[in-house]
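Spelled out, the chains give:
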Amino acid sequence: MIWRIIIISLACLVYHSAAFAEDIYFGQSAAGANNGSSCANQLSAAAFNTAGNWGAGAGKVSAGDTVYLCGTITGRLNVQASGNAGNVITITAAAGGATLDMQSTSNFVAFSFNAFQYITVDGLTGDARAGNTTYPFRVINLAPGVTDSTPSFAFYANTGGEGHLAIRHIEITGSGGSSSLTNQEGGVYLQVAAVGDVEFSYNWIHGVNAGTKLNTTGLACWSATGTTSYTDGCNIHHNLIQYMAHDGIRAGSNASLHDNDLTGVDGSGHSDSLLCQSGNYCAIYNNYVYSSADQNIYINNLDNSYRGHLRIYNNVINSDPGFGIVLDAEGGASSVLDDVVIAHNTFYTQSASALRVVNRGQVTNLAMLNNIFGTTSDISYRSVELTANTTIMNSSSWDYNVYSTASANYPQIAVWGASQYTRAQLQAVSPARETHGAVGIPTYVNAGANDFHLASGDTLAKNTGVNLSAPYSFLTADKDGLSRPQGSAWDIGAYEFDQGGSGQSPNPPGASYTSGNRASTGIRPLAHAGQRPVR
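Residues numbered from 1 in each chain as written. Predicted model: local features only at pLDDT ≥ 70, side-chain atom pairs only at ≥ 80, totals over all residues. Heavy atoms only, no water.

Undergrad: An account of the overall build of the protein is requested, with residue identities and associated values reported.
TA: A count of helical and extended segments in the protein gives three helices and 41 strands. Burial analysis of the protein (535 residues in total) assigns 59% to the buried set. In the protein, the proportion of contacts linking residues at least 24 apart, taken out of those at least 6 apart, comes to 75%. About 18,600 Å² of surface is accessible on the protein, with carbon and sulfur atoms providing 52% of the total. (Helix = DSSP H or I, 4+ residues; strand = E, 2+ residues; numbered from the N terminus. Buried < 20%, exposed > 50% of the residue type's maximum accessible area, 1.4 Å probe, protein only. Contact = heavy atoms within 4.5 Å. Areas by Shrake-Rupley, 256 points an atom, 1.4 Å probe, with all protein chains shown as cover.)

Okay, here's the thing in structure tokens:
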């Protein structure tokens, strides 16, 4: 009897919560009955920004409610209350769509989370990475700041109190500004400190075209939950970032940047397509970066202290000019990047090194395994460039990589300290490196069409990798989600050859696809911690 009463009571609580959830409509100005019951009777943007219209009571925005935005809104929107773990506040577009027009105003914020939590902003549809560029929820005319201290933001959280936030299916666009600014944030800025739990997914941030870029950073998400998780801070996935003159995506600790496409990120001389900055437990995987420049993937440490547990895998890089991956412990003599795993990446072409360690600070316990290091076109660089104070994790942690014979400095493939190395010379050092490494150019399905899946006739990368499941279980699936191995051994590079098909996924990087195709799956936050080889 007691259990029956408890169950009935819980059911009543759930019913009570659901029964009193409301749909409330806001637009630029009040309309009709001004009661928020529909767009025809919408409340104004000024009412949205009034704390008295949020909280308990009918007609007020509270936990579990859905806010619909109607038409074009030109003023700033400031959230005024939090949802809770069981009942987030959802903000979406009404049936006719919603547009936040920033009117090319510098030093302006379109939407502020205003220190509140459990807020989801979701346009519900739109996925430019998959070819669907129709977004019901848009932020337009984003203008960069005139100086570094006056940026404009489409979405903003910076009190340290925000967290449990989601931004999905939003188009954000603008143009102009100076590419010479050294630290232009702009775009989307989410500083959530120890609270974390931020998702940014299926969004499209872009300038006009390659000649008319948006001179801001696309997204910056800063969190430091203090845990060993790669996802409880910022989970950034399935976004398309195009035509940016500054960084594409920046994140710090406890972050996963995965399944994003980035193109045309260049112009400032320090444009980083994907950046983990001064973070612990940061993973960059399953991304495609193409036709960008500067550093395509940049891992740095601005602090004169330890940062570590960094994972870079299953990425495809095709950007000339530019570096592939850069590791930079720039904070001082005691600045350290430790436990860095670089595995199963496919570099097709880049002008500078596929992997470069900058000569400051220390990079320790580095692993480089099962990568395809493609063509490095600039004779000033080798495929892999390490400093003298770079240490390799163990005797088998630099092996099973493929190096392009078309690189400008071939047969030299690496620099370590003051010495240059061919593959044979690396194999002669003690302990030997690249004992199972290879040189040549893999055969792809259609590299000219950006399809870097291994072709059926490939003999260089197919079935020639090392099984990494024991030290790194997160590597048991390829960029498409296909399990490794499919053949007699693991394949080298981002893609496993599909023995059950033609070897070509229906979805090469940058191609359109639908949710039923294999490559559209992949929201797979993985456990990267605690999977480190014994030294």
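Undergrad: Before we move on, can you summarise unusual backbone geometry with the specific residues and values?
TA: Going from D320 to P321, the amide bond is cis rather than trans, its omega being 15°. Considering the arrangement of structural elements, one finds P321 in the loop between β26 (316–319) and β27 (323–328). A cis amide bond links R484 with the next residue in sequence, P485, at an omega value of -5°. With respect to the element layout, P485 can be found in the segment after β41 (451–454). The residue N254 is not glycine, and still its phi comes out positive at about 55°. By the secondary structure assignment, N254 is in the loop between β18 (249–251) and β19 (255–258).

Undergrad: Any chance you could break down the nonpolar core for me, citing the residues and the numbers?
TA: F155 and L327 are the most contacted members of the largest nonpolar core, which totals 88 residues. When residues of this core are assigned to their parent elements, the largest contribution, five residues, is made by strand β5 (residues 89–101). Formed by 17 residues, the second largest nonpolar core is a distinct cluster that contains Y230, A343, V466 and L475. (Core = buried A, V, L, I, M, F, W, Y, C linked by side-chain atoms within 4.5 Å.)

Undergrad: Could you give an account of the state of the cysteines, with specific residues and numbers?
TA: Evaluated as defined, the whole model comprises three disulfides. Should the bonded cysteines of the protein be numbered as they appear in the sequence, the pairing reads 1-2, 3-4, 5-6. (Disulfide = S-S within 2.5 Å.)

Undergrad: Describe the environment of T443, with residues and values.
TA: Relative to the helices and strands, T443 resides in the loop between β39 (438–439) and β40 (444–446). You can call T443 partly exposed: its relative accessible area is 39%. Between the C-alpha atom of T443 and that of G457, which follows or precedes it by 14 residues, the distance is 7.0 Å.

Undergrad: Lay out the pairing of strand β8 (residues 137–142) with the relevant residues and their values.
TA: In this sheet, β8 lies alongside β5 in parallel orientation, the contact comprising four bridges. Its bridge partner lying in β8, D101 is registered against I140. Relative to strand β11 (residues 171–174), β8 runs parallel, the two sharing three bridges. By the bridge assignment for β11, L142 is matched with G174. (Pairing = 2+ DSSP bridges.)

Undergrad: So what about the pattern of salt bridges? Which residues, and what values?
TA: Within this structure, the stated rule accounts for eleven salt bridges. A salt bridge links D303 to R307; the shortest N-O distance between them is 2.6 Å. Notably, a salt bridge pairs R360 with E330, separated by 3.9 Å at the nearest N-O pair. A residue pair is termed long-range when its members are at least 10 positions apart, and R360 in the loop between β30 (355–357) and β31 (362–369) and E330 in the loop between β27 and β28 (336–343) qualify at 30 residues. The network of salt bridges with shared partners includes D122, R168 and E199. (Salt bridge = Lys/Arg side-chain N within 4 Å of Asp/Glu carboxyl O.)

Undergrad: Now, about the packing of aromatic side chains: what can you tell me, with residues and values included?
TA: Summed over the entire model, instances satisfying the criterion amount to 22 aromatic pairs. A ring pair is formed by Y156 and Y189, whose centres lie 5.9 Å apart and whose planes are at 25°; its orientation type is stacked. Of this pair, Y156 sits in strand β9 (residues 153–157) while Y189 sits in strand β12 (residues 187–193); the two residues are 33 residues apart in sequence, bridging distant segments of the chain. Looking at Y189, the relative accessible area reads 13%, which means it is buried. (Phe/Tyr/Trp six-rings, centres within 6.5 Å; stacked < 30°, edge-to-face > 60°.)

Undergrad: Before we move on, can you summarise the side chain of N287 with the specific residues and values?
TA: For N287, the position within the fold is in the loop between β22 (282–285) and β23 (288–290). Separated by 2.9 Å, the side chain of N287 and the backbone oxygen of L257 make a polar contact. Side-chain polar atoms of N287 contact the backbone oxygen of Y285, separated by 3.0 Å. Ignoring anything within four residues of it in the chain, the contact list for N287 reads L257, H258, D259, N260, L274, N314, N315, V316 and K479. (Polar contact = N/O pair within 3.5 Å; in protein donor to acceptor, adjacent residues only side chain to side chain.)

Undergrad: Tell me about the environment of R311, and name the residues and values.
TA: Mapped onto the elements, R311 comes out in strand β25 (residues 306–313). Judged by relative accessible area, which is 1%, R311 ranks as buried. Residues R311 and I342, spaced 31 residues apart in sequence, show a C-alpha to C-alpha distance of 6.3 Å.

Undergrad: A description of the pairing of strand β7 (residues 117–122) should follow, citing residues and the corresponding values.
TA: Burial within β7 is extensive, with five of its six residues counted as buried. Examined bridge by bridge, β7 and strand β10 (residues 163–168) share five bridges and lie parallel to one another. Across the sheet, residue D122 finds its bridge partner in β10, namely R168.

Undergrad: Give a detailed account of the confidence of the model for the protein, specifying residues and quantitative values.
TA: Averaged over every residue, the pLDDT of the protein is 87; residues scoring 70 or more account for 87%. Across residues 3–19, where pLDDT falls below 50, the model places one contact with residues more than four positions away in sequence or in other chains. Per-residue pLDDT stays below 50 along residues 502–535; that stretch engages in 99 contacts with residues further than four places along the chain or on separate chains. (pLDDT = per-residue confidence, 0-100.)

Undergrad: Lay out the environment of G361 in plain terms, naming residues and giving numbers.
TA: Position of G361 among the secondary structure elements: in the loop between β30 and β31. Spatially, the C-alpha atom of G361 lies 8.2 Å from that of L337, the residues being 24 residues apart in sequence. Once you skip the residues sitting within four places of it in the chain, G361 turns out to touch A329, G332, S335 and N389.

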